[in-house]
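Take a look at the letters that make up each chain.
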Amino acid sequence: MVDVQPPPFRTLDDFLLGSARFSVPDVRNLDRWNNRIINNLLYYQSNYFASALAFLLIVGYFQPLQLILGATVVILLFLGFVWAAENKAVIRRFRRNHPSLCLAAILGSSYLLLSVLGGVAVFLFGIAFPILMILFHASVRLRNLKNKLENKLESIGLKRTPMGLLLEALGQEQEAGS
């Protein structure tokens, strides 16, 4: 973890405004869509983390206890999934072949556990909504030349970032930078 470098914040102009280009992804070509999402997650990760943190702070201001409970449940389920995927070959193969289903399973399990505990609304608005907005932006944001260059540096191992480690834990390291 010593060699992990947090990437710089991208300008608001590049992230959302003037120079940002958006397009509906081609849903018939899932590999290309997945590639766009992964590369945008790597390139805009600081902006995504800051956006999610801001939203979590707003929700946490109104429902602090339930937000902490919800975050704890999701983190424990995610860590349990990563541990199981590293120790069980069947789960590892499933994680590589069906990353969207794995994310849905983690979020669905979190939802079910939190519904039993009573923090459903906080989970939906405090945790799942920022993830949905990040995935939406990463899906529709077109890549530029600087984005492609940064992703190549990450994929060949010259730079290690937090999102790169997270994607690696989800079994998507071979996709990054392609």
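Going by the structure above, here's the rest.
No experiment lies behind these values; they were computed from the predicted model shown.

Draft legend 1. Layout of the packing of aromatic side chains. Scanning the entire structure with this criterion turns up six aromatic pairs. Both rings, one in Y44 and one in Y48, keep their centres 6.2 Å apart while their planes meet at 65°; by these two values the pair is edge-to-face. Judged by centre distance (5.3 Å) and plane angle (40°), the ring pair of F55 and F129 falls under tilted. Of this pair, F55 sits in helix 3 (residues 45-62) while F129 sits in helix 7 (residues 120-140), and the two are 74 residues apart along the sequence. Given a relative accessible area of 27%, F55 falls into the partly exposed group. Among the aromatic side chains, those forming a connected cluster through ring pairs are F15, Y43, Y44 and Y48. Positioned above the aromatic ring of Y43 is the side chain of R10, whose terminal nitrogen or guanidinium carbon lies 3.9 Å from the ring centre. One residue, R141, lies across the ring of F22, its end atom 5.8 Å from the ring centre.

About the thresholds
Residues numbered from 1 in each chain as written. Predicted model: local features only at pLDDT ≥ 70, side-chain atom pairs only at ≥ 80, totals over all residues. Heavy atoms only, no water. Phe/Tyr/Trp six-rings, centres within 6.5 Å; stacked < 30°, edge-to-face > 60°. Helix = DSSP H or I, 4+ residues; strand = E, 2+ residues; numbered from the N terminus. Buried < 20%, exposed > 50% of the residue type's maximum accessible area, 1.4 Å probe, protein only. Lys NZ or Arg CZ within 6 Å of the ring centre and 35° of its normal.

Function-wise, these values are silent; they only describe arrangement.
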